[in-house]
Amino acid sequence: MKPTLAVFKFASCDGCQLSILDAEDHLVAIAGAIDIVEFREATTRSEPGPYTVGLVEGSVTTPHDALRIREIRDQCAILVTIGACATSGGIQALRNAADVEEFAAQVYANPEYLDVLATSTPISDHVKVDYALYGCPVSIDQLVDLVTALLAGRRPSIPNHPVCIECKRRGSTCVLVAPGIPCLGPVTRTGCGAICPAFGRGCYGCFGPSSYPNVAALATAWEAAGVGRQDLIEALRAFTVGAPEFAEAARAL
Amino acid sequence: MPSDIRRIGVDYISRVEGEGCLRVAVRDGEVTEYDFGIFEPPRFFEAFMRGRRFTEAPDITARICGICPVAYQMSSVQAMESVCGVTVDPEIDDLRRLLYCGEWIESHVLHMYLLHAPDFLGYESGIALAADFPDEVGRGLRLKQTGNAIVAALGGREIHPVSVRVGGFHRVPTRKELEPLIPRLEQARDDALATVEWVAALPMPEADRDDEYVALVSDDEYAILKGRIRSTRGIDVGVEQWNDLFVEEHVARSTALHSRIKERGLYQVGPMARFNLSEELLRPVALDAAHRVGLAAPCTNPFRSIVVRAVETVHAVDLALDLLDRYRRPERPAVPVTPVAGTGHGASEAPRGMLYHRYEIDAEGRVLDAQIVPPTAQNQGSIEADLLHLVERNLELADADLQHLLEQSIRNYDPCISCSTHFLRLEVDRG
């Protein structure tokens, strides 16, 4: 029997699961090697677990979802979180430092109709996660590699070094050193292809922290480029605001 | 439950980006109760945009929807440029159109081939469809890839591209970088024309229903990037008058706000609205393709939206080719934008329909207030009206068949529920 793949969605923009459908060249091959039995965005087919691999997109933001993720964990032999929402709570984790009732009242006329948690939290706050793919959105190459690795029974290789290394390999001019554009590349996990510096702008951290990010040193480099600490704090409090390394670094600055 | 009642329950509708539910009670052949709801955990974008810098709007609001991030970027930058009194260079507008064409192609093709066509042919998914229709689905994937390639060439990646900024782009490509797209788009034009023929031949349920169609309209182009708000019943105003015309309501059954025309009611945005208002402005190759398969305005059968999407794909491919043919690298990637305190409006045509943004910012460029009205929220009333219309006319169908028809009907709108919220749970309670 073929291994089975299930895709689940929590609070998110759907972009990471869409990346599966964006893997056009590989999509039919993947579907041939692994049985996609649950993937609401793509198929009416819906089969109960257990599943060999579960991919989870999105963050936990409602009491119902906090229960649902536990049920899903129980059904998946291997659970993989995909993207910034699932791994760090996403941009919607900006609510965590705010008053969610006030937020709800700003957007909705009748906030009492809503049933939401005060926080947006990563999947790993709720259940054990076996592997994580980072990024907003995830890299299609990393996604295809992950599925391939799991099918082959090898450990997926998910790099944790900073964007700078990829940027140097790509041959881009350093935007922080040369034109003096604030860039989070030195503290951000690689995987995107170092696209922002290649487009003449600073990295905005959508893959979250690299391993052992040295934010204090980055603050000095930003100051040398004429950009103050408050700006760095705000830059860290964005697409992966819920990542502990960024949250703590922002507090420490 | 009384013995004369039957129930059909659908907890989630697949192949839409989201979750919702529909409950219908039927007594003696009459629909007596009706409840359509959308459940997507709210993410509060409009609330956390407050206090952010005006320059962050395109990157942050793109995250509302992974299917149409360019639409969010385009509506937000135009809103911010309007607050600050900035007009971008015409070459930059053309590059924005090209980027938007890429998104229209990939979004429309994703929906037609992988999400919607399976309904018409009785398959559970595009992947399952590929087993029996490998050439057709292969053509769709190739076409979608070309749309993605445009977005990636201009923006670095397919989803949440990184090049767009208030005032223009962070970087504009050289002509040489874009030239490899030309042969791919020539292939794509053939593929898109073949798609029109293919979808027009699908078995089409009858479901014509009169509606007020609303879209951006321009005098000299089939509006994608900008235009005035017009309707098939006489509305003709600038986008800054959005709040004078429409009102958003919050109902208990939904986390999406419903939009209505004040003192008039529901309306519809999207491909059929654009087509019904601007048919004659389609590129000739797209207009010919439409007429060849018997599609002409007014199109009022929502199931035929798949044909309109195919025609719009031809238009987007042909427009992209034209923009590429004429492309010369702009002298500057962006105009400088200094924040000015005030309120600005921006609207563009997302693949699913008109997307409106309004921001109030202060003199430092901090966002004081944000309003974002996605197309799916505007279409919710029409989706409900279609469902009711279909239930009333198809009560003789078995539960499973009725459910299938209703799900397909919802997918007519290509609902990107993430942008507003999430999708469908069906319970038909029959007398």
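Residues numbered from 1 in each chain as written. Chains lettered and ligands numbered in written order. Predicted model: local features only at pLDDT ≥ 70, side-chain atom pairs only at ≥ 80, totals over all residues.

Turning next to the overall build of chain B. In terms of regular secondary structure, chain B is built from 15 helices and 14 strands. The burial tally for chain B puts 58% of its 431 residues in the buried class. For chain B, restricting intrachain contacts to residue pairs at least 6 apart in sequence, the fraction spanning at least 24 positions comes to 75%. (Helix = DSSP H or I, 4+ residues; strand = E, 2+ residues; numbered from the N terminus. Buried ≥ 20, exposed ≤ 12 C-beta atoms within 10 Å, placed from the backbone. Contact = placed C-beta atoms within 7 Å.)

In this assembly, 48 residues from chain A lie in contact with 42 residues from chain B. It is helix α1 (residues 15-22) of chain A that contributes the most residues to the side of chain A that touches chain B, six residues altogether. Of the residues that constitute the side of chain A that touches chain B, the class distribution is 27 nonpolar, twelve polar and nine charged. (Nonpolar A, V, L, I, M, F, W, Y, C, P; charged D, E, K, R; others polar.)

Turning to the sheet that holds strand β7 (residues 228-231) of chain B, a few remarks are in order. Residue and element names in this part refer to chain B. On the basis of which strands lie adjacent, the open sheet formed by three strands has the order β6-β7-β8 and antiparallel pairing. Unpaired on one side and paired on the other, β6 (214-217) and β8 (236-237) mark the two borders of the sheet. Here β7 pairs with β8 via two bridges, running antiparallel. Its bridge partner being in β8, Ile-229 is matched across the sheet by Val-237. (Pairing = 2+ DSSP bridges.)

Here the focus is the sheet that holds strand β5 (residues 131-133) of chain A. Residues and elements named next belong to chain A. Pairing is parallel across the open sheet formed by five strands, whose spatial order is β2-β1-β3-β4-β5. In the strand order of this sheet, the two ends are held by β2 (35-39) and β5, each with one partner. The mean angle between the axes of side-by-side strands here comes to 20 degrees, regardless of whether they run parallel or antiparallel. On top of the sheet, α1 reaches β1 (4-9), β3 (51-57) and β4 (76-82); it is set at about 145 degrees to β1, its chief contact. (Axes fitted to C-alpha atoms, helices over the stretch in contact; angles between N-to-C directions.)

Turning next to the nonpolar core. Core analysis: the largest hydrophobic core is formed by 189 residues, its most contacted members being Val-56 of chain A together with Ala-215 and Val-311 of chain B. Take this core: its biggest share by element is 15 residues, from helix α4 (residues 90-121) of chain B. When residues of this core are assigned to domains, at least three map to each of domain 1 (4-152) and domain 2 (163-252) of chain A. Once you skip the residues sitting within four places of it in the chain, Val-311 of chain B turns out to touch Val-196, Leu-282, Ala-286, Ala-289, Ala-290 and Leu-295 of chain B. Ile-383, Leu-390, Ile-410 and Tyr-413 of chain B belong to the second-largest nonpolar core, a separate cluster that totals ten residues. (Core = buried A, V, L, I, M, F, W, Y, C linked by C-beta atoms within 7 Å. Domains from an automatic or database assignment.)

All names here are of chain A. Tracing the sequence through the fold places Thr-240 in the loop between α10 (229-236) and α11 (244-252). You can call Thr-240 buried: it has 31 C-beta atoms within 10 Å. Spatially, the C-alpha atom of Thr-240 lies 18 Å from that of Gly-193, the residues being 47 residues apart in sequence. What Thr-240 contacts, discounting residues up to four positions off in sequence, is Ala-84, Ser-88, Gly-205, Cys-206, Gly-208 and Phe-246.

Residue and element names in this part refer to chain A. Taken residue by residue, α11 has Phe-246, Ala-247 and Ala-249 as its buried positions. Take α11 and look down its axis: the buried residues cluster within an arc of 165 degrees, on one side only. Of the exposed residues in α11, those oriented more than 90 degrees away from the buried face are Pro-244, Arg-251 and Ala-252. Tucked into the core, α11 has its buried residues touching α9 (215-224) and α10. (Arc of directions from axis to C-beta.)

All names here are of chain B. Contact geometry of helix α13 (residues 375-393) with helix α14 (residues 399-411) gives a least axis separation of 10 Å together with a crossing angle of 155 degrees. Between α13 and α14, the crossing angle belongs to the class labelled roughly antiparallel. Taken as a pair, α13 and α14 cross one another with a handedness that is right-handed. Contacts between α13 and α14 pair Ile-383, Asp-386, Leu-387 and Leu-390 from the former with Leu-405, Leu-406, Ser-409 and Ile-410 from the latter. A per-class count over the contact of α13 with α14 returns six nonpolar, one polar and one charged. (Parallel < 35°, antiparallel > 145°, perpendicular 65-115°, else oblique. Left-handed = near helix turned anticlockwise from the far one by under 90°.)

All names here are of chain A. Segmenting chain A into domains produces domain 1 (4-152) and domain 2 (163-252). The interface of domain 1 with domain 2 comprises 16 residues on the first partner and twelve residues on the second. Tallying contributions element by element places helix α4 (residues 84-88) first for the side of domain 1 that touches domain 2, with three residues. Of the residues contributing to the side of domain 1 that touches domain 2, the split by class is seven nonpolar, nine polar and no charged.

Attention now goes to α10 of chain A. All names here are of chain A. Those residues of α10 not exposed but buried are Leu-232, Ala-235 and Leu-236. Viewed end-on, α10 has its buried residues packed into an arc of 95 degrees, placing them on one side of the element. Tucked inside the fold, the buried residues of α10 contact α9 and α11.

Moving on, we come to the pairing of β6 of chain B. All names here are of chain B. In β6, alternate side chains face the same way, and those of Val-214 and Leu-216 on one face and Ala-215 and Val-217 on the other are all buried. Pairing analysis gives four bridges linking β6 to β7, with the strands arranged antiparallel. Residue Val-214 lies in a different strand from β7, and its bridge partner there is Ser-231.

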